[in-house]
Amino acid sequence: MEAPRLPEDGQRRRPLILWGSKRPGAASAAPGLFLGEVWLRFGCGLGVVLAAGSTVWRDDPQGHSPPIHHNRRVTDHWDATEATKSRSPFFPGQPVPVEFFVGRAKQADRLLRRGAQQVAAGKPTAFFVEGDYGIGKSSLVTYAQRLAEDDFGLLPVYVTLGGCKTIEDVAARVVEATLSSATNDKAGDKLREWLARYVGEQQLFGFRINLQALRADAPNFSSPQGMLRFFRDALAKVADSGVTGFFLVLDEVNGIAGDPTFSIFLKSFVDENGVTGSPVPMLLTVCGTEDKRREMIARHQPVDRVFDVVHVDPMTRAETDEFFSRAFRSARIEVADEAFPLLWAYSAGLPKIMQMLGDNAFWMDRDGTVTMDDVSEAVVATAEEVGRKFVDQQVYNELRGDHYQAILDVIGQKDPFERTFSRSEIMATLTEPQKKVFDNFLRRMTQLQVIRKGGRAGEYEFNVLMVRFYIHIAARRRIASGG
Ligand SMILES: Nc1ncnc2c1ncn2[C@@H]1O[C@H](COP(=O)(O)OP(=O)(O)O)[C@@H](O)[C@H]1O
Ligand SMILES: [Mg+2]
């Protein structure tokens, strides 16, 4: 089989634009010309899937059971292999375990060499790990924490600030995370002994935190000086168990980023530590989206200078291929060469989608080889999942109103493989009242980060092809059911 044409890494952010926009005469030309076998087979496969109305899904709250598909061949021995399926090597809902972590060499290297190594040598550092939702920030920092612990003896303290409203909440979370941080038994025992007053009831595996006592004392830790003192004391307790400093991660800052006291706190925490003669060896890393970092700066401008910013971008084609082959190989499953371009095209290097797509393909596969058919079906299943989890809530619920809905359906009926659309082209097919709200619609879709302005004037582009694909499925479904 002829190798399908692929977008190069340089074009990785917009893979399907390339395929789409180069198609001569757009809709009239056979798309197969462009993608060769891939397009043809995938296009037909999906055509069958979509034409049949909808796939029959077996609904499963864990989202782990595969759809039963009408065009599944009888020779597929579903029952036989399903019974022997090993554990899925995919982790759609959590930071990836270290052994499955792929790529990000540059970012990890930066955190380790400019961060961990400096800290171990006595110089505190601070980073802001920035990137979109689901791009792999938490995975990157937990991976870096693990390496920094092994190579430089930094104790990993991973704090998620989701739900924190005040600096006291943050302080309580930090102490709680420190208590449960130690992977090193000796350091762990020391910390628990020292912080015994916050250790509640012992349980079979570990212990419970005495939140009441912790909350009562939180004000002691919630000034920059108080928190520094806390870490200084903690280090004194664990220094003889090989700990040289801390790798403190503050993840999920979205809820508190808009509060100026948070920015002020971080800025003085870093500054105060920097000016003392013997600083606490501390690698501070804050994770969040770019707009949250900007919001923090808007609240307190000087915080801008504190952080060295590490960007997390979509993965490259090479990283994506490695991700899929490594994960499947660990489950003793092969990936057919022809399947890689599709896995790449539809995940667009977004780890969150890669995990969902991989997981679905894992369950689709029956014969130990992930083929194009498996991936085609996995794409449909993943689009449904993405739709249920993100699009329904963020787009359909936000954009209520009949006109918006109808416009979405008009766009949805266009070629599902085409990532871009032109304002004028859609406008021409709208009714008068729809035309009136169309620009407003585009603006809101842009705000929701579903689309962005494309390269050419009047052109818009879907950020995630999977989302575009779901809108297509949803439109067909609504039209099939009579609106
Ligand atoms: N480097 C990576 N290798 C493999 N999977 C990854 C990687 N980074 C992220 N993932 C996976 O992608 C999904 C989103 O990652 P996560 O770290 O939670 O993103 P974020 O914190 O940016 O929202 C998770 O399912 C995670 O397992
Ligand atoms: Mg995260």
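First things first, this report covers the structure right here in the doc. (Residues numbered from 1 in each chain as written. Chains lettered and ligands numbered in written order. Predicted model: local features only at pLDDT ≥ 70, side-chain atom pairs only at ≥ 80, totals over all residues.)

Description of the overall build of the protein chain
Here's step 1: A tally of helices and strands in the protein chain yields 20 helices and 12 strands.
Here's step 2: The contacts of the protein chain with a sequence gap of at least 6 include a subset with a gap of at least 24, amounting to 74%. (Helix = DSSP H or I, 4+ residues; strand = E, 2+ residues; numbered from the N terminus. Contact = placed C-beta atoms within 7 Å.)

Quick word on the site of ligand 1
Here's step 1: As a structural note, the neighbourhood of ligand 1 is formed by 22 residues, with V96, G136, S138, S139 and P351 the closest of them.
Here's step 2: Partitioned by chemical class, the residues of the shell around ligand 1 number 11 nonpolar, 8 polar and 3 charged.
Here's step 3: Here the shell around ligand 1 spans two domains, and each of domain 1 (9–94 + 319–480) and domain 2 (104–311) adds at least three residues to it. (Near = placed C-beta within 6 Å. Nonpolar A, V, L, I, M, F, W, Y, C, P; charged D, E, K, R; others polar. Domains from an automatic or database assignment.)

Overview of the nonpolar core
Here's step 1: Of all hydrophobic cores here, the largest spans 126 residues; its most connected members are F247, L283, M466 and Y470.
Here's step 2: The residue makeup of this core includes at least three contributed by each of domain 1 (9–94 + 319–480) and domain 2 (104–311).
Here's step 3: Ignoring sequence-local partners within four residues, the contact set of Y470 consists of A383, V386, G387 and V391. (Core = buried A, V, L, I, M, F, W, Y, C linked by C-beta atoms within 7 Å. Buried ≥ 20, exposed ≤ 12 C-beta atoms within 10 Å, placed from the backbone.)

A look at the sheet that holds strand β6 (residues 282–288)
Here's step 1: What the 5 strands build is an open sheet, ordered β2-β5-β6-β1-β7; its pairing is parallel. Each edge of the open sheet is held by one strand with a lone partner, namely β2 (154–160) and β7 (308–311). The average undirected angle you get between the axes of adjacent strands in this sheet is 20°.
Here's step 2: Both strand β1 (residues 125–130) and β7 contribute to a ladder of 4 bridges, which runs parallel. (Pairing = 2+ DSSP bridges. Axes fitted to C-alpha atoms, helices over the stretch in contact; angles between N-to-C directions.)

Some details on the pairing of strand β12 (residues 459–462)
Here's step 1: By the bridge criterion, 3 bridges tie strand β10 (residues 420–422) to β12 in an arrangement that is antiparallel. Of the residues in β12, the one forming a bridge with T420 is E461.
Here's step 2: With 3 bridges joining them, strand β11 (residues 451–453) and β12 adopt antiparallel strand pairing. When the bridges of β12 are listed, R452 appears paired with E461.
Here's step 3: The antiparallel hairpin formed by β11 and β12 contains 5 residues in its connecting segment, where G458 sits at a positive phi of about 75°.

Section: the packing of helix α5 (residues 105–120) against helix α6 (residues 137–152)
Here's step 1: Between α5 and α6, the shortest axis-to-axis distance is 10 Å and the interhelical angle comes to 40°. With respect to their mutual orientation, α5 and α6 come out oblique. α5 and α6 meet at a crossing whose hand is right-handed. In this structure, α5 uses Q107, A108, L111, L112, A116, Q117 and A120 to contact α6, whose residues at the interface are L140, Y143, A144, L147, A148, D151 and F152. (Parallel < 35°, antiparallel > 145°, perpendicular 65-115°, else oblique. Left-handed = near helix turned anticlockwise from the far one by under 90°.)

Re the sheet that holds β11
Here's step 1: Strand order in this open sheet of 3 strands is β10-β12-β11, and the pairing throughout is antiparallel. Every interior strand has two partners, whereas the edge strands, β10 and β11, have only one. With direction set aside, neighbouring strand axes in the sheet form an average angle of 30°.

A word on unusual backbone geometry
Here's step 1: The backbone phi angle of R104 is positive, close to 65°, even though this residue is not glycine.
Here's step 2: Note that R104 resides in the loop between α4 (78–84) and α5.
Here's step 3: The residue A348 is not glycine, and still its phi comes out positive at about 50°.
Here's step 4: By the secondary structure assignment, A348 is in the loop between α14 (340–347) and α15 (351–364).

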